Amino acid sequence: MSVTLTEAAARHVKRYIAKRGKGVGVRLGVKTTGCSGLAYKLEYADEVAPEDVVFEGHEVKVLIDPKSLPYLDGTELDFVREGLNEGFKFRNPREKDRCGCGESFRV
């Protein structure tokens, strides 16, 4: 099992944590919502919880709760700029379908 992040994503996370003045990485998970059933949730983490599964890449920790891991295994987290927009992009090989608005997905 693995979850990875690109250099661009790691750079963005490191900059944001430095600006915040605290943090150990990002917490990635899924929640039940939307048209297709699941949505990604991403937040900055200040500490590692005992139940977290920890992956590290480019000196950044990605923390995942055990319930979300089966849905996220193999996912790559990227940070992209497209025109005037920028944000995190999830490349998840387990994704079978995505709703039209792009907010939720199905495995």
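Now for a look at the structure at hand.

Conventions used here
- Residues numbered from 1 in each chain as written.
- Predicted model: local features only at pLDDT ≥ 70, side-chain atom pairs only at ≥ 80, totals over all residues.
- Heavy atoms only, no water.
- Phe/Tyr/Trp six-rings, centres within 6.5 Å; stacked < 30°, edge-to-face > 60°.
- Buried < 20%, exposed > 50% of the residue type's maximum accessible area, 1.4 Å probe, protein only.
- Helix = DSSP H or I, 4+ residues; strand = E, 2+ residues; numbered from the N terminus.
- Core = buried A, V, L, I, M, F, W, Y, C linked by side-chain atoms within 4.5 Å.
- Contact = heavy atoms within 4.5 Å.

### Describing the packing of aromatic side chains
Enumeration according to the criterion identifies 3 aromatic pairs in this entry. Their ring planes at 75° and their centres at 5.2 Å tell us that Phe-79 and Phe-88 sit as a pair that is edge-to-face.

### Some remarks on unusual backbone geometry
Phi is positive for His-58, which is not a glycine, with a value near 55°. The class of His-58 is partly exposed, set by a relative accessible area of 40%. In this structure, Glu-59 takes a positive phi of about 65° despite not being glycine. As for its placement among the helices and strands, Glu-59 is situated in the loop between strand 4 (53–57) and strand 5 (60–64).

### Points about the nonpolar core
Side chains that are nonpolar tend, in soluble globular proteins, to be buried together. With 19 residues, the main nonpolar core has Val-3, Leu-5, Leu-28, Phe-55, Val-62, Ile-64 and Leu-72 as its most contacted residues. Listing elements by their share of this core, those giving two or more residues are helix 1 (7–20), strand 2 (25–33), strand 5, helix 2 (69–72) and strand 6 (76–82). Of all the elements, helix 1 adds the most residues to this core, at 4 residues. Here Val-62 is in contact with Val-3, Leu-5, Val-26, Leu-28, Val-53, Val-54 and Phe-55, once residues within four sequence places are set aside.

Functional significance is not addressed by these values, which are geometric in nature.
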